[in-house]
Amino acid sequence: MNILAFQRVEKPVLDQLKQNHTVRFFKNVDTTKDPEFLSFLNKTDGIIGLDLNVDQPLINQAPNLKIVSNVSVGYNNLDIETLTKRNIMATNTPGILTDTVADMVFGLILSTARRLPELDHYVKSGNWIESLDSTHYGTDVHHKTVGIIGMGRIGLAIAQRAHHGFDMKVIYHSRTKKPEAEERFQARYASLDELLRESDFVCLITPLTKETERLIGKREFSLMKNSAIFINGSRGRTVVEEDLIQALNHKEIAGAGLDVFENEPIQLDNPLLQMKNVVTLPHIGSSTLETELAMSTLAAKNLQTGLEGKKPPNLINSAVWDNK
Ligand SMILES: NC(=O)C1=CN([C@@H]2O[C@H](COP(=O)(O)OP(=O)(O)OC[C@H]3O[C@@H](n4cnc5c(N)ncnc54)[C@H](O)[C@@H]3O)[C@@H](O)[C@H]2O)C=CC1
Ligand SMILES: O=C(O)C(=O)CO
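Residues numbered from 1 in each chain as written. Chains lettered and ligands numbered in written order. Predicted model: local features only at pLDDT ≥ 70, side-chain atom pairs only at ≥ 80, totals over all residues. Heavy atoms only, no water.

With respect to the packing of aromatic side chains
How we decide: Pairing of aromatic side chains here covers Phe, Tyr and the six-membered ring of Trp, requires ring centres within 6.5 Å, and sorts the geometry by plane angle: under 30 degrees stacked, over 60 edge-to-face, intermediate tilted. Only DSSP runs of H or I reaching four residues or more are called helices, and only runs of E reaching two or more are called strands; each is numbered from the N terminus. Think of it in three bands: with a 1.4 Å probe and only protein chains considered, a residue is buried below 20% of the maximum accessible area for its type, exposed above 50%, and partly exposed in between.
With the rule as written, the count across this model stands at six aromatic pairs. Ring plane angle 70° and centroid distance 6.3 Å describe the contact between F6 and F37, whose orientation is recorded as edge-to-face. Here F6, found in strand β1 (residues 2-6), pairs with F37, found in helix α2 (residues 35-41); they are 31 residues apart in sequence, far enough to count as distant. Residue F6 is classed as buried on the basis of its relative accessible area, which comes to 5%. On the basis of relative accessible area, F37 is assigned to the buried category, the value being 0%.

Some words on the sheet that holds strand β8 (residues 188-189)
Here is the rule we go by: Pairing between two strands requires that DSSP report at least two bridges joining them. The criterion used for residue contact is that any of the two residues' heavy atoms lie within 4.5 Å. Every angle, taken between N-to-C directions, lies between 0 and 180 degrees, and every axis is a line fitted to C-alpha atoms, over only the stretch in contact when it is a helix.
Pairing in this open sheet of seven strands is parallel, and the strands run β8-β7-β6-β9-β10-β11-β12 from one edge to the other. Across the chains shown, the open sheet's two edge strands, defined by having one partner strand only, are β8 and β12 (278-280). With four bridges connecting them, strand β6 (residues 145-149) and strand β9 (residues 201-204) associate as parallel partners. Paired with I148 across the two strands is C203, which belongs to β9. Where helix α5 (residues 98-113) meets the sheet, it contacts β9, β10 (229-232), β11 (255-258) and β12, and its direction lies at approximately 150° from that of β10.

A short note on the UniProt feature "domain: D-isomer specific 2-hydroxyacid dehydrogenase catalytic" (unreviewed entry) in the chain
For clarity, the threshold we go by: UniProt positions are given in the numbering used here, feature names are shortened, and annotations may be inferred rather than shown by experiment.
UniProt annotation of "domain: D-isomer specific 2-hydroxyacid dehydrogenase catalytic" (unreviewed entry) refers to residues 3-317 when read in the numbering used here. Helix makes up 37% of residues 3-317 and strand 15%. Its end C-alpha atoms lie 20 Å apart.

Observations concerning the nonpolar core
The condition is simple: The definition of a nonpolar core used throughout is a set of buried Ala, Val, Leu, Ile, Met, Phe, Trp, Tyr and Cys residues joined through side-chain atoms within 4.5 Å. Source of the domain bounds: an automatic or database domain assignment.
Among the nonpolar cores identified, the biggest contains 49 residues, and I48, I148 and M151 are the most heavily contacted of them. If one sorts the elements of this core by residue count, α5 sits on top with eight residues. Counting only domains with at least three residues in this core, you end up with domain 1 (2-94 + 289-322) and domain 2 (98-280). Once residues lying within four places of it in the same chain are set aside, the contact partners of M151 are L156, A159, V170, Y172, H173, S174, K178, A181 and A187. Of all hydrophobic cores here, the second largest spans 26 residues; its members include L204, F230, I253 and V278.

Some points on the domain arrangement of the chain
In many reports, interface size means the accessible area that the parts give up when they come together. Defined as follows: The term buried area refers to how much accessible surface (probe radius 1.4 Å) is lost by two components on association, counted for both of them together. The salt bridge definition used is simple: a Lys or Arg side-chain nitrogen within 4 Å of an Asp or Glu carboxyl oxygen. Whenever two N or O atoms come within 3.5 Å, that pair is a polar contact, provided that in protein one can donate a hydrogen and the other can accept it, and provided that, for residues adjacent in sequence, both atoms are side-chain atoms. When residues are sorted by character, Ala, Val, Leu, Ile, Met, Phe, Trp, Tyr, Cys and Pro go into the nonpolar class, Asp, Glu, Lys and Arg into the charged class, and all the rest, Gly among them, into the polar class.
Entries for the chain in the domain assignment read domain 1 (2-94 + 289-322) and domain 2 (98-280). Inter-centroid distance (C-alpha atoms) of domain 1 to domain 2 is 32 Å. In this complex, domain 1 contributes five residues to the contact, which on the side of domain 2 involves four residues. The junction of domain 1 with domain 2 conceals about 490 Å² of combined surface from both sides, 42% of it contributed by carbon and sulfur atoms. Taken as a group, N76, P94 and T291 account for 67% of the area that domain 1 buries against domain 2, more than any other trio of residues on that side. Seen at the junction of domain 1 and domain 2, the total is zero salt bridges. The interface formed by domain 1 and domain 2 holds two residue pairs in polar contact (both at pLDDT 80 or more) in total. Taken together, the residues of the side of domain 1 that touches domain 2 sort by class into two nonpolar, three polar and no charged.

Comments concerning the site of ligand 2
This is how the line gets drawn: To be near a molecule or strand, a residue needs just one of its heavy atoms within 4 Å of it. Using a 1.4 Å probe, the Shrake-Rupley method yields the accessible areas, and only the shown protein chains count as cover for residues.
Around ligand 2 lies a shell formed by S72, V73, G74, L97, R235, H283, S286 and M295. One nitrogen or oxygen atom from the main chain of G74 is found 2.8 Å from an oxygen atom belonging to ligand 2. About the coverage of ligand 2: the protein hides 90% of its 230 Å² of free accessible area. Here the shell around ligand 2 is built from residues that sort into three nonpolar, four polar and one charged.

Some remarks on the site of ligand 1
Taken together, 25 residues lie near ligand 1, and R153, I154, R175, G233 and D259 sit nearest. Between ligand 1 and the protein, one listed contact pairs an oxygen atom with a backbone N or O atom of G152 at 3.2 Å. Within the side chain of K178, an N or O atom sits 3.2 Å from an oxygen atom of ligand 1. Within the complex, the protein chains bury 90% of what would otherwise be the 870 Å² of accessible surface of ligand 1. Here the residues of the shell around ligand 1 sort into seven nonpolar, 12 polar and six charged.

Let's talk about the UniProt feature "domain: D-isomer specific 2-hydroxyacid dehydrogenase NAD-binding" (unreviewed entry) in the chain
UniProt annotation of "domain: D-isomer specific 2-hydroxyacid dehydrogenase NAD-binding" (unreviewed entry) refers to residues 106-285 when read in the numbering used here. The distance from the first to the last C-alpha atom of residues 106-285 is 11 Å, and the span holds 33% helix and 15% strand.

What to know about the pattern of salt bridges
Under the definition given, this model contains 17 salt bridges. Residue E220 pairs with R219 through a salt bridge whose shortest N-O separation is 3.1 Å. Since its relative accessible area comes to 44%, R219 is described here as partly exposed. Between E308 and K310 there is a salt bridge whose closest N-O contact spans 2.8 Å. On the accessibility criterion, E308 (42% relative accessible area) is partly exposed.

A look at the environment of Q61
Structurally, Q61 is set in the loop between α3 (56-60) and β4 (67-70). Between the alpha carbons of Q61 and I205 there is a distance of 33 Å; along the sequence they are 144 residues apart. Looking at Q61, its side chain comes within polar contact range of the main-chain oxygen of P57, at 3.2 Å.

Structure (structure tokens):
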């Protein structure tokens, strides 16, 4: 079979796939124009990769496509409706990255609150304790209130770290109440506005959907405490980035830790990159050696299973299977 691999599939997994299939790996190409990409797409049976925009025009140019296997849990890059209409399976990699992403969210919480990147720069620039004063001090994390928007797999893992590791008070907002969070972490359900008003750390970790797109904007930032730190590990478009910049400029909030941005890669003239109280990461929530390999391996298993005509373990659009 012809397999189109895109952007991020770990090498051992690619090598394994090459034993049974014709595999072409694409990276940094314009997927609407690149002639080699489009020519291979035309005979592709399966796609595996990260963040390929699988929209209607792309699907229309892939007449043999049977399965799209995302190397990610988020699947906002897939037009599920069109894929389902065409009976093309879509899969993702839930669960195996949960703890890694929650660790990264905590990394952002600690980095912003304790100003770790700034102080690292301070030391590497030849400074030490004698010139250090309260203008360099951060703020405590332990015993503070963390508000988690999106209490799913990753949200629960953030709550676990907050409750057990840092004695934090946990409040959350999600589509439904999560008894597990309330029992295990004494988390309290709150409306979005209550959560924004009460949290010292506001952590956004929902999927990007029609409902969550631009969920956090001017009004929401204005409800947050002036001392609040905003953390986004979800997708950049869940936030109105211009409003975040304004909220930081006007000191409506104290700082932000961001793994995701409206446009990725972030443009170098983005004001967020000039702000000392903002810690930025290049969308690496799940990117550890262990977890990236596990994600690629699971994505390849989904792909292979689907191509063999069996139900993949992480099928998103189960209607395709039910219609068989
Ligand atoms: N920065 C990174 O590298 C990574 C980012 N992510 C992002 O994190 C997201 C969540 O992943 P999981 O926890 O595994 O997913 P999940 O499906 O287990 O949890 C998502 C939670 O968000 C809630 N939710 C959905 N719509 C909502 C709304 N309108 N308001 C409030 N809550 C809402 C759901 O009820 C659910 O509890 C992914 O979809 C992805 O976008 C995931 C992995 C890595
Ligand atoms: O899994 C995801 O959704 C990511 O963002 C990449 O790991």
